[in-house]
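# An overview of the molecular structure
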Amino acid sequence: MCDDPTLPPEVKRALEDYRELLARHGPTWGEDPIGYVKQIDVDAFMLDESLFWLTCVQRVSELHPGVTEEELYAHIADLDFQRIIRDTLGGQVLDNLAALRVTPEGIRLDARAQAVLDGGPVHTHLLIDSSRKEAVTVHVDDHSYEIEPGGARVVPVTSGSAVSVDGAAVALGALTRPATPARLRLRAGFPCRWTVVGENGQGWYPEGAEPNRDANRMPYFHGDDLTVDVPAEPLTVRVTRGMEYEIVERAVTPDAAAGETLVELTPRRLHNAAARGWYGGDMHVHMNWAGDTVGTPAQAAALQHGEDLHVLNLVAGNVASERVYDREALEHWAGRDLPWSDATHVARMGVEYRNDLLGHLYAFGVPVPPERYHTGFLGTVDWPPNSAACQELRERGAIMGYSHPFHVPIRDDDPPRAALSAGRNCSAREAVADAALGLIDSLDVLNHSSIETTAVVYRHLIGAGNTLAVTAGTDAMFSFNRRGSQSSPPGWERVYARVDGPLTAESFAEAVRRGRTFATTGPFVELDVAGHGPGETLDLELGTRVTITVRTIGPEVTGIQLRTAEGILAEGPPNELTAELVVDVPTYVVAVVTGPRNPRSFHYSGSYAHTSPVYLDVGGAHVAREHDVRWCLDYLDALEERIRSYGRLDTEEQLADHIELLDAARAVYRSRLTPPA
C-alpha cells in the first residue's frame, strides 16, 4: 500500500499520485487516447483480444472503404470500443459485466449472480445495450447517459445503484444472491499461487488482496497460511508455484459452523532448475502502467516469491505521454537489489525504452537511470534512433534486448517485409540493425505476442552472423486486474540462464550476455552438442561429426525439433532426441520444444521453448548463411522506406541519423557476404 511506512518518500508520493490519476480518469490514468490506451477502458471485458481487433478492422473497413493499411490503423482509435465489446461478446454476460438489454419490446437485465456474504453492495459494471431505433436516456445514480440508436455503453454500478431507462426503474436483484458465510484457511508450507473459485466463476480472495484474473480468467492471489471468507457451498481450491511446480486442486465445501475449514495443499516440484545451475527470470514486468489499481513493492514481493521467480526485472516506462511510471522507484533503487531479494530471488528496477515506430527495449542491471526513456509520443519526433538508448544503457553496464518484437504471422521462407507490421506499435523494427552493430544482447523470443514469428526472425538474425541470446519477457502489469496474459502473474514465460556460482544480478546478466540461455513457457530443456551447451562455440575441422542431444522435462511437451542454420535437422517425441551432424559449413544448433495450450502456460498459442544456439565454427569462420544475410539486408531496405514514409522527423539531419545507422548495419552484413581471404 502507498501508506507503507517502509517505502522511500519519493516512491510513496508517486504511488499516491497514481491513485489520484486512477480516481480522476479511471483505468487510462488520463493518458493520450491513442488506440491501445482507449483499449484499456475495455480490457477487463475482453474475452478474445484477436476477435476484438478483427472486429475493429472490419468496422473501419466498412466506414472507410479503400483505406490503406496505415490509414486503417489510424482510424481504429476513432472507433467506439464499448460498442466493439458489445459486438464481440455476442450476447454473453461476464462475472464482472452484466447487461441491460434495451429492446423495442422492453428492458431486460442479464447477469451472472454473485454471492454476497454480508449483505453489502457488490461493485461491478453494466453494459447498456440498446437495439432501439431511437436514443434512450439511462440514469445510474447521479449520472445520466445518452445512448444513441443501437448504441452501447459500459458503466460502473453497484448492486445498490438506482437505475432507470427513460424514467422507468430497473431492478438489479439479478446481480446478487445471498450466501451463508464460512472461512477457509489455506496452507502449503511455502509461498504459492492460490485460486478459490465458486459458482458462476466467482473468485474469492483474502482481505486486502487484489482481485486478479489470469489469461484464463481464473482468480489468483499469493502467499501461505492465508484465510479467505467464502460462501458455505461447493468451491474449487487450486495451488501452484510457477512453472517448476505441478497444479493441485481440491473440491471443498466449507463448514459454516466449524468457524474455519483448513485446506492443506502442497504442489509437487516437477524439476529444480537452480539445482542444475539454471535460474529463471522475467525481463519485462511493470509494477505500474495505468490500469485498474496501483501496483506496489509489497505486491511485487508477494508475486515473485509466490511464483518462485528467481529474477524479476521491474521496468520503468511510459504509456503514451511524458510520464514514466515507477521512475521514482528506479531512481531510488538503481543498481541495488530490491528489499525482498534473497539468495535465490533477485529483483531489480530496470527500464523499458519505448518508441512506437522503432520498437521497445528492456534494460536489466541498470546502475544509473538513463537520460531519456522514450521518443515519438504526443507527436514528438522519432529521434534519435533507438541505438542511442542502447549505447547509453550498455555503457552504464545494462544488458539490452527487444521486447515483444514481432506480431504478424510469418514463415521461415517469407520475405522480410512480411515482418514489418503496419501502424505505430511495439514491433522491434530497428532490431535487425542494432543486432548487426552489437548494440543488443538478446531478443525476447518468448513474449505475449507472436512467439513463432519472433523465432523466425531470431533464426534469420543468428544465421546472418549475429550473436544474440534468447530471452523472455511477459510484459506482466501489476496494476491490471484483468488484461489477458498481462494480468497473469510474472514469470509465466521465463528465460533460464546458466549461472556460474551464486545468483546475483551481475552473474545472471553475464550469463545472458554470453547466450547461456533458453526461454520457455514451462518445459525445462537441456541442449548438448558434443558436450557443449547454449552460448558456447565449437571451432571444428571441416567434416567433423558431432552428436546432438536434447532432453526435456515437463508434462506439456509433445514435440522437439533440432534446427541448424540450414533448417530442421531432426524431429521427435518428448523427453529426449538425439541426432548426428556432419559439419560441412559454419552453422548453429538450437532446440525448439512445442506442445498444446495447458493451464501452466498463459500463451494463446500453447507451450513453447527455444534455446540459444551452440555455434559450430569451421576453421575459425562463424556462421553467416547467405540467405539470412540477404534477408537482413532486404529487411533494412524495407525499414528505410518505412522510416522515410512514416517517421515523425523535423529535419533532414534527423533522417540522416537513421540512414547512417542503417548504412552501418548494411556494411556489417555485406562484409559477411565476402568470403575470407
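First, a word on what this report is: a plain description of the structure on this page. Note that the coordinates shown come from a computational prediction; the quantities given were computed from them, not determined experimentally.

The rules we used
Residues numbered from 1 in each chain as written. Predicted model: local features only at pLDDT ≥ 70, side-chain atom pairs only at ≥ 80, totals over all residues. Heavy atoms only, no water. Axes fitted to C-alpha atoms, helices over the stretch in contact; angles between N-to-C directions. Helix = DSSP H or I, 4+ residues; strand = E, 2+ residues; numbered from the N terminus. Parallel < 35°, antiparallel > 145°, perpendicular 65-115°, else oblique. Contact = heavy atoms within 4.5 Å. Nonpolar A, V, L, I, M, F, W, Y, C, P; charged D, E, K, R; others polar. Pairing = 2+ DSSP bridges. Salt bridge = Lys/Arg side-chain N within 4 Å of Asp/Glu carboxyl O. Buried < 20%, exposed > 50% of the residue type's maximum accessible area, 1.4 Å probe, protein only. Expected span 1.5 Å × (residues − 1). Arc of directions from axis to C-beta. Phe/Tyr/Trp six-rings, centres within 6.5 Å; stacked < 30°, edge-to-face > 60°.

### Things to note about the packing of helix α3 (residues 49-63) against helix α4 (residues 69-76)
Direction vectors running N to C along α3 and α4 enclose 110 degrees, while the axes themselves pass 9 Å from each other. Classed by the angle they form, the pair α3 and α4 counts as roughly perpendicular. For the pair α3 and α4, contact is made by Trp53, Cys56, Val57, Val60 and Ser61 and by Leu72, His75 and Ile76, respectively. Its residues assigned to classes, the contact of α3 with α4 comprises 6 nonpolar, 2 polar and no charged.

### Describing the sheet that holds strand β12 (residues 192-197)
Read across the sheet, 5 strands follow the order β13-β14-β12-β16-β17 without closing on themselves; strand pairing throughout is antiparallel. The open sheet has two edge strands, β13 (212-213) and β17 (248-252), and neither has a second partner. Where strand β16 (residues 235-240) meets β17, 5 bridges bridge the pair, whose relative direction is antiparallel. Bridge pairing in β17 links Thr236 to Ala251. Strand contacts of helix α6 (residues 297-306): β12, β13, β14 (219-223) and β16, with the helix running at about 90 degrees to β14, the strand carrying the most contacts.

### Some thoughts on the environment of Ile76
Considering the arrangement of structural elements, one finds Ile76 in helix α4. Between the C-alpha atom of Ile76 and that of Lys38, which follows or precedes it by 38 residues, the distance is 9.9 Å. Setting aside residues no more than four positions away along its own chain, Ile76 makes contact with Trp53, Cys56, Val57, Val60 and Phe81.

### Examining the pattern of salt bridges
Overall, the coordinates contain 50 salt bridges when judged by the stated rule. Here Arg348 ties to Asp337 by a salt bridge, and the two come within 2.7 Å at their closest N and O atoms. With Arg348 in strand β22 (residues 346-355) and Asp337 in the loop between α7 (327-333) and β22, this residue pair connects regions lying 11 residues apart in the sequence. Overall, the relative accessible area of 6% leaves Arg348 in the buried class. Among the residues examined, Asp337 registers a relative accessible area of 37% and is labelled partly exposed. What you see here is one network of salt bridges that share partners, running through Arg59, Glu62, Arg86, Asp87, Arg101, Arg108, Asp110 and Asp129.

### Thoughts on α3
End to end, α3 covers 21 Å across 15 residues, agreeing with the expected 21 Å (1.5 Å per residue, within 8%). For α3, every residue scored as buried is listed here: Phe52, Thr55, Cys56 and Val60. One face of α3 carries all of its buried residues, which in axial projection span an arc of 135 degrees. Of the exposed residues in α3, the ones pointing more than 90 degrees away from its buried face are Ser50 and Glu62. The elements touched by buried residues of α3 are α2 (35-40), α4 and α5 (81-89).

### Side note on the pairing of strand β5 (residues 136-140)
In terms of burial, β5 is largely enclosed, as 4 of its 5 residues are buried. By the bridge criterion, 5 bridges tie β5 to strand β6 (residues 143-147) in an arrangement that is antiparallel. Looking at β6, one finds that Thr137 is bridged to Glu146. From the end of β5 to the start of β6, which pair antiparallel, there are 2 residues, and Asp141 there has a positive phi angle of about 55 degrees. By the bridge criterion, 3 bridges tie β5 to strand β8 (residues 163-165) in an arrangement that is antiparallel. Across the sheet, the residue bridging to His139 is Ser164, located in β8.

### Structural notes on the sheet that holds strand β32 (residues 544-553)
The 3 strands are arranged β30-β32-β35 in an open sheet whose pairing can be described as antiparallel. The two strands at the open ends of the sheet, each matched to only one other strand, are β30 (524-529) and β35 (576-583). In this sheet, neighbouring strand axes are inclined to one another by 15 degrees on average, regardless of whether the strands run parallel or antiparallel. The pairing of β32 with β35 spans 8 bridges and is classified as antiparallel. Its bridge partner being in β35, Arg551 is matched across the sheet by Glu576.

### Observations regarding the packing of aromatic side chains
What describes a pair of aromatic rings is the distance from one ring centre to the other and the angle between the planes of the rings. This structure, assessed with the given rule, holds 16 aromatic pairs. On the basis of an interplanar angle of 70 degrees and a centroid distance of 5.4 Å, the ring pair of Trp29 and Tyr325 is categorised as edge-to-face. You can see Trp29 sitting in the loop between α1 (9-25) and α2 and its partner Tyr325 sitting in strand β21 (residues 324-325), a full 296 residues away along the chain. Take Trp29: its relative accessible area is 2%, and that puts it in the buried class. A centroid spacing of 6.3 Å and a plane angle of 75 degrees characterise the contact between Tyr496 and Phe524, whose relative ring orientation is edge-to-face.

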